[in-house]
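Letter by letter, the chains look like this.
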Amino acid sequence: MRFLGGIILLCAALSARADLTIEITGAGEHQIPISLVRFSGEEQMAGQTISSVVSSDLTRTGLFNLIDPAGRAPHEPSEVNYGEWPGVDALVIGKVQALEGGRVEVRFRLLDMVRRTELVALAVTANQDQLRAIAHRVADLIFEKLTGSPGVFSTRIAYVNREGKKYRLVVADSDGYGEQTLLALNEPIMSPAWSPDGSQIAYVSFERGHASVFVQSLATTQRRVMADFPGSNSAPAWSPDGKQLALVLTRDGSSQLYLVRADGRDLRRITFSGAIDTEPCFTPDGKYLLFTSDRGGSAQIYRVPVEGGAAERLTFEGDNNFSPRPSPDGKTFVFSQFTGGLFYIAVQDLANQQMQTLTSGGWHMKPSYAPNGKLVLFATESQGRGILATVSSDGRVRQKMVAQRGDIREPMWGPFVKQ
Amino acid sequence: MKRIILSVVLVNLLAACASEAPKEAVTEPAAPAAEAAAPVAAPAETAQTATEPVAATETAPQVRSVYFPFDVDAVQEADRAAVQEHGAYLAKNSDAKVRVEGNCDERGSSEYNLGLGQRRANNVKKMLVLSGAKASQIQTISFGKEKSRCAEHNEACWSQNRRADIVYTSGK
């Protein structure tokens, strides 16, 4: 009986929030041909399974060409006939087994079909509610082995979900599933920003009648006020060492950049433009702030040393440019470009100032890089509702994540978190 | 009871329509505000047919919203008189207080619009002070694009959202 309950729970856990449909367009050029055999033990499962989560994780990056096993169904290395898989460079096989006490054992192997060797093997036991987490870890291992870069499938994203007048600050898996509400208000919430260790989120809320900045712990959900001066307090961003935050305050007139220690002390003003200076974010070396300013007459991206001083204009194309975010290697930054009445996600090289638009245009806002720099998360719109989307950092593969409820906005990809 | 509430909503809607068509509303002389204080009793026509210009009324001026072009934060020429009337009223009524709320259309990031809305509110405040109000009578806030009146992607909607509202928090 307990065993049966376990199976039902297992199915329920995996099909929960299967209302989020995923639509992928485009394809990368040098995709790795990989085949993923549905794990044994998953045949009777409804909805999402470990192998389907792994498959959609890999597809989303645009770096893999998923080849249908076409009836071939090995689950152990001894069952693999290497000659049967021409054109397949890597094969994923595995088993899922329900154990006593409602736990599940998952075994998986990644095989190099060219060299005919095993690249990774993993066996874990876990509770049913951890199956998606295990699937993401499996996808991370496969991604890292085959591309040399760490996978980001186990990382989390934050965003704001609006339904009527109700706003929720939400943290979810990188694929949009597993929503967890951190804060629900009847006033707007904006600009979630992850601490570098992923343990806290800073954000803007209007619960005090105007925009003020809060910092909240994910583990305890305890929160504290970071800035609540007269006027607007907004646009929090953490320094790479987590010791200070950049903020935007209007207490001295127009929006200007400030720095404050993470304990709320030692507030210092960084810009003195009298224009709108906003959306600061630290470069990964911690030396500069990228930010949006209309000091030149239109909203553009600028860079200023963290200690203040002369700001350098970085963007010159498009009517307006907003919301800069540097890549994890610090070589490029993504931003939202408004031109000809549409918003595009664009990327620019910091060294040679080469700009490239990554999306075909619409209401594409608020981009942020995945912590491995391979994907960019952004907000867009579908049938009048705000939704999440990703684009590969080369612009080749785009994916929309359509949630069933609410209007999704202000997404921000979280950091790698030590497991 | 339901009917009364409905009619209140309707009157408010009509009043809103009358004053919200951005440019027409501000070129009309300010209507007496007695009705505005008690919208239930005020048929919408009264607000529209009143033609007497009022310099500094006993009650606060009627026009409570000023509108802005795209990405502009300066109070427009056409709206100056309306703002100045509020300034004069605040100067005469030292116990009156206002909150100026800046709003923006959706064409910009949330944070940029928060900054733009703040500048719109700040500029209305400056003009109120130049017209005799004390800075301490005026609070400014920005809602950016977070509390828009409408959500359509067209100029008819955007022009409604590029706005600063003068809200009396006491002494209206």
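These notes cover the structure that comes with them. Predicted model only: the values in this text are computed from it and were never measured.

**Examining the overall build of chain B**
Turning to step 1, where the next piece is worked out: Scanning chain B for helices and strands turns up 7 helices and 4 strands.
Turning to step 2, where the next piece is worked out: Here chain B holds 172 residues, and the buried ones make up 47% of them.
Turning to step 3, where the next piece is worked out: Contacts spanning at least 24 positions in sequence make up 77% of the contacts within chain B whose residues lie at least 6 apart.
Turning to step 4, where the next piece is worked out: Taken as a whole, chain B presents about 8200 Å² of accessible surface, with 59% of it coming from carbon and sulfur.

**Observations regarding the sheet that holds strand E23 (residues 332-339) of chain A**
All names here are of chain A.
Turning to step 1, where the next piece is worked out: With antiparallel pairing, 4 strands are arranged side by side in an open sheet as E22-E23-E24-E25. Lying at the two open borders of the sheet, with one neighbouring strand each, are strand E22 (320-326) and strand E25 (355-357). Adjacent strand axes in the sheet meet at a mean angle of 30°, parallel and antiparallel pairs treated alike.
Turning to step 2, where the next piece is worked out: When E22 meets E23, the two strands line up antiparallel, connected through 5 bridges.

**Describing the interface of chain A and chain B**
When the parts of a complex come together, some accessible area is lost, and that lost area is often used as the size of the interface.
Turning to step 1, where the next piece is worked out: Contact with chain A, which involves 37 residues of that partner, is made by 24 residues of chain B.
Turning to step 2, where the next piece is worked out: When the buried area of chain A at its contact with chain B is split by residue, Met190(A), Ile276(A) and Trp363(A) rank highest and sum to 22% of it.
Turning to step 3, where the next piece is worked out: Taken together, chain A and chain B are joined by 2 salt bridges.
Turning to step 4, where the next piece is worked out: Between Lys147(B) and Glu187(A) there is a salt bridge, with its nearest N and O atoms 2.8 Å apart.
Turning to step 5, where the next piece is worked out: Counting only elements with at least two residues in the side of chain A that touches chain B, the list comes to strand E10 (189-194), strand E14 (233-238), strand E18 (277-282), E22 and strand E30 (407-413) of chain A.
Turning to step 6, where the next piece is worked out: Ranked by residue count, the leading element in the side of chain A that touches chain B is E22(A), at 3 residues.
Turning to step 7, where the next piece is worked out: When the residues that make up the side of chain A that touches chain B are grouped by side-chain class, the tally is 15 nonpolar, 15 polar and 7 charged.

What counts, and at which threshold
- Residues numbered from 1 in each chain as written.
- Chains lettered and ligands numbered in written order.
- Predicted model: local features only at pLDDT ≥ 70, side-chain atom pairs only at ≥ 80, totals over all residues.
- Heavy atoms only, no water.
- Helix = DSSP H or I, 4+ residues; strand = E, 2+ residues; numbered from the N terminus.
- Buried < 20%, exposed > 50% of the residue type's maximum accessible area, 1.4 Å probe, protein only.
- Contact = heavy atoms within 4.5 Å.
- Areas by Shrake-Rupley, 256 points an atom, 1.4 Å probe, with all protein chains shown as cover.
- Pairing = 2+ DSSP bridges.
- Axes fitted to C-alpha atoms, helices over the stretch in contact; angles between N-to-C directions.
- Buried area = accessible area lost by both parts, 1.4 Å probe.
- Salt bridge = Lys/Arg side-chain N within 4 Å of Asp/Glu carboxyl O.
- Nonpolar A, V, L, I, M, F, W, Y, C, P; charged D, E, K, R; others polar.

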